[in-house]
Amino acid sequence: MIASHLLAYYFTELHHDQVQKVDKYLYHLRLSEENLMDVSLRFRREMDRGLGRDTSPTAAVKMLPTFVRSTPDGTEQGDFLALDLGGTNFRVLLVRVSSNSKKQEVEMENQIYAIPEDLMRGSGSELFDHIVECLAIFLEKLGIKDKKLPLGFTFSFPCQQTKLDESILVSWTKGFKASGVEGKDVVSMLRAAIKKRGDFDIDIVAVINDTVGTMMTCGYDDHHCEIGLIVGTGTNACYMEEMRNLETVEGDEGRMCVNMEWGAFGDDGALDDLRTPFDVEIDAGSLNPGKQLFEKMISGLYMGELVRLILVKMAKEELLFQGKTTPELLTTGHFQTSFISAIENEKNNQGLLNAEQILQGLGLTPSTEDCVATQRVCQIVSTRASQLCAATLAAVLRQIRDNKAAERLRTTVGVDGSVYKNHPQFARRLHKMVRRLVPDCDVRFLRSEDGSGKGAAMVTAVAYRLANQHAERQRILDKLRLSHDQLLEVKRRMAEAMERGLSRDTHGNATVKMLPTYVRSTPNGTERGDFLALDLGGTNFRVLLVRVRSGKKRSVEMHNKIYAIPQDLMQGTGDELFDHIVHCIADFMEYMGMKGASLPLGFTFSFPCQQNRLDEGILLKWTKGFRATGCEGQDVVTLLKDAIHRHEEFDLDVVAVVNDTVGTMMTCGYEDPYCEVGLIVGTGTNACYMEEMENVELVEGNEGRMCINMEWGAFGDHGELSDFCTTFDHAVDERSANPGKQQYEKMISGMYLGEVVRNVLLDFTSKGLLFRGRLSERLKTRGIFETKFLSQIESDRLALRQVRAILQHLGLTSSTCDDSILVKEVCTVVARRAAQLCAAGLAAVVDKIRKNRHLEHLRVTVGVDGTLYKLHPHFSTILRQTLRELAPQCEVSIMQSEDGSGKGAALITAVACRMRNEAK
């Protein structure tokens, strides 16, 4: 035995020489940071090949979908069974997950059962009968045989999955050879054995491998955990991948755990330049030559053998043991991986003492130099293993960071396996090299306790939670989904409301006011001349010169200038406001070189008005922050004319006052003679259309047609939509500036849709269906969820990470990928309902035009404007599709209006001037 005081001397004097000698001899096993970065990049390429639909069949790293779509979120609870089969023993577990306000707790009871050798090599049905019998004994013992509990099945053999509860065994390993199982679904075989027995029933929810179990177990304790790593007898990893990158599975939303099967990295030659003659020799002597080459450089099954081969070769070259070998040293498998852990123990030179004992056990008589050299061989082999593992893990971390487009990634790796847990230096070296290779990732390594069994139960618990939450969310969202019959009913009620608004007797209490606009014709193409337009609807207003040319080359040329209305004028006197407007018109005419000219003018005035003729608009009430005195109840055309006369610089012929909906119809009508409907879906919503004069009872005369401004946003104000209104609609209405008013508009338009979504999100969160039940203060703020977010969230080209960015803006910094998917679904449902309701109203309008004209089939165009219609990626498509279904006898074209309100006012003026001239 080497005395401790001598050891200290030898250690300092001889250690350096021996280490240098071994380092030189094993030069090819020592990898630089540059080598490792290169390995990491190669592995990333292999990952891409495994993920690609076309390249996955030939990829060495298979990247198998596991159909595990979420990690634990902390709200799982219940009793779950787990079955853990991966060797000659298997375990049955009962896992109780309870959740209270402070933290979750997991209690486990388990029993280990042996699998006799004859069953491992017998028939598959006998093997599964034995497993089920052990399961029955376990259930009987715990007194739960009569309960139908969910079960998760850890089956740690190479399998292919097509769904969470199906796993087809590719090939047996670990000494199993049971016939009739390879190529079969092991879950079906387990179910069949349970059914054959007939005295109990269980719900097999999920089948997983041990790597996924490790990630899920650690994910239960740390919600940042999205990677599972095993470094034990074998090695493998899994991680949560974005569905959009996983081409082998349908769907591109959300995430799925990918079982990488990374032990096969290098099987296609990708690591040939790094493999040493020792690696080649180990592979040649293995049960599966040419397979799992990366695993053979890293894992516990091979590490001890690698050291043995090196020691033998060094002895034969007389670099160790005075050139002597022994039968024990020459026997495969006699140098175990556990020896490496013992020899690398750095505590008080314990490692060298262990080396001496181990080498003596192999029949050798080692010198101190031999012990030092053996320790160095072990260090080099285990260091290479940890660094190669770090290189591939770095590639996975980079993939996740890139998926999230994060500058820094914060994540957790759940780890299991005897090498990682038992080797005194492996974990520290792995962590250190990962930090060097991916300095922009903050990685926590969490050791899994009882990974595979508890993990299977957690996968089952998560699957149960997801199924229950999904059902509850769909039940809530179904209230916002409208069937074809419901939409037909909305159409019918809108048609009734239109009749009430048109009728002299019922107009007074009609919700859809059907206001005559005195616009009697759409453009016919013969209009010509120069016209002014004034477009007033907010804090800015525009003055336009519109030149309309007829003939073969019809054209509209426009010039405009925008002017501000100061706050003091918005809230001053009417005379001051209109004097300012006239002053701006004078400025514009001077700017255009037309000072003193007298032109016809069309006035777009987007405030609630009552019209008795085309050139009169009596302001009912100011909105949008205007409060100028002396205007409400007055004709705005008269107020404008009076201001022009006060100015005494020019005279204008104010021909028409219109709202923006009519302007939109006229703008599109100039391009398309079939355009007889105008629709606005923006901050608010409204429609107008050409009605037969015989139906317009509020205006004298039965000849011809007149454009009707429907003011349809108020549809529903008398309860016509009460059976379609949800609690979310009531919440939006109650907190609005005009409770009980504009019900239809509040279900459709841009001013309110974001608020409907926000109320759904609040409801989901309060029920624990979203954001893990945690509300942000900002989300409680009315109006914080803007309607533009709906358009951004539903834009197909935007990844879910941009949904996440919006949620972070709302203070939901810990939102998950699953949360993003749900928020997107809510936005989709709310926007779809809006488009369908709008289409139902529009279907009533176009069908009325068709019936008015006694036509079997109507061809008509709808001119549309508004931010929601124009910016939302799917609104227009859904509106068109629903319109076709609800008005099948109408062929409706939809035309987007460009600059509807200004140009439209000028065109109405042009049409009015044409009709006036024709009348003369």
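Residues numbered from 1 in each chain as written. Predicted model: local features only at pLDDT ≥ 70, side-chain atom pairs only at ≥ 80, totals over all residues. Heavy atoms only, no water.

(A) Molecular detail of the packing of aromatic side chains. Applying the stated criterion across every chain, the model contains 25 aromatic pairs. Between F605 and F607, the ring centres sit 5.0 Å apart and the planes meet at 50 degrees, which makes this aromatic pair tilted. As far as the burial class goes, F605 and F607 line up, both buried. What links up through ring pairs into an aromatic cluster is the set F153, F155, F157, W172 and F176. Sitting over the face of the ring of Y591, K561 holds its NZ or CZ atom 4.5 Å from the ring centroid. The side chain of R859 reaches across the aromatic face of Y674, ending 3.9 Å from its centre. (Phe/Tyr/Trp six-rings, centres within 6.5 Å; stacked < 30°, edge-to-face > 60°. Buried < 20%, exposed > 50% of the residue type's maximum accessible area, 1.4 Å probe, protein only. Lys NZ or Arg CZ within 6 Å of the ring centre and 35° of its normal.)

(B) Main features of helix α23 (residues 750-766). Compared with the 24 Å implied by 1.5 Å per residue over 17 residues, the 25 Å span of α23 between its first and last C-alpha is a close match. Among the 17 residues in α23, 15 count as buried, and that is most of the element. Backbone geometry just after α23 places G768 at a positive phi near 75 degrees. (Helix = DSSP H or I, 4+ residues; strand = E, 2+ residues; numbered from the N terminus. Expected span 1.5 Å × (residues − 1).)

(C) How the structure looks around the packing of helix α4 (residues 124-142) against helix α5 (residues 186-197). One way to put it is that α4 packs onto α5 with a least axis distance of 9 Å and a crossing angle of 65 degrees. Between α4 and α5 the crossing geometry is right-handed. Of α5, the residues touching α4 (which contributes G124, S125, F128, D129, I131, V132, E133 and A136) are V186, M189, L190, A193, I194, K196 and R197. Split into classes, the residues belonging to the contact of α4 with α5 amount to nine nonpolar, two polar and four charged. (Axes fitted to C-alpha atoms, helices over the stretch in contact; angles between N-to-C directions. Left-handed = near helix turned anticlockwise from the far one by under 90°. Contact = heavy atoms within 4.5 Å. Nonpolar A, V, L, I, M, F, W, Y, C, P; charged D, E, K, R; others polar.)

(D) The arrangement of unusual backbone geometry in detail. Positive phi, close to 65 degrees, is recorded for F67, a residue that is not glycine. With respect to the helices and strands, the residue F67 is situated in the loop between β1 (64-65) and β2 (78-85). Exposure remark for F67: the relative accessible area of 14% places this residue in the buried category. Even without being glycine, Q322 reaches a positive phi, approximately 55 degrees. As for its position among the elements, Q322 is in the loop between α9 (300-316) and α10 (337-343). Judged by relative accessible area, which is 64%, Q322 ranks as exposed.

(E) Spotlight on empty space enclosed by the protein. A full pass over the atoms with the stated rule returns one cavity of 30 Å³ or more. Lining the largest cavity are D729, V732, Q743, K746 and M747. Elements with a minimum of two residues in the lining of the largest cavity: α21 (727-734) and α22 (743-748). Per-element accounting of the lining of the largest cavity gives the leading share, three residues, to α22. Class assignment of the residues belonging to the lining of the largest cavity gives a composition of two nonpolar, one polar and two charged. (1 Å grid on protein atoms, 1.4 Å probe; cavity = no way out; pocket = protein on both sides within 12 Å on 5 of 7 lines; lining within 4 Å. Points joined across faces, edges and corners; volume = space filled by probe spheres on them.)

(F) Focus on the sheet that holds strand β17 (residues 555-564). Spatial strand order, β17-β16-β15-β18-β21: five strands in an open sheet with mixed pairing. One side of each edge strand has no neighbouring strand; the edge strands of this open sheet are β17 and β21 (653-658). On average, each strand axis in the sheet is tilted by 20 degrees relative to the strand beside it, whichever way the strands run. Relative to β21, strand β18 (residues 600-605) runs parallel, the two sharing five bridges. (Pairing = 2+ DSSP bridges.)

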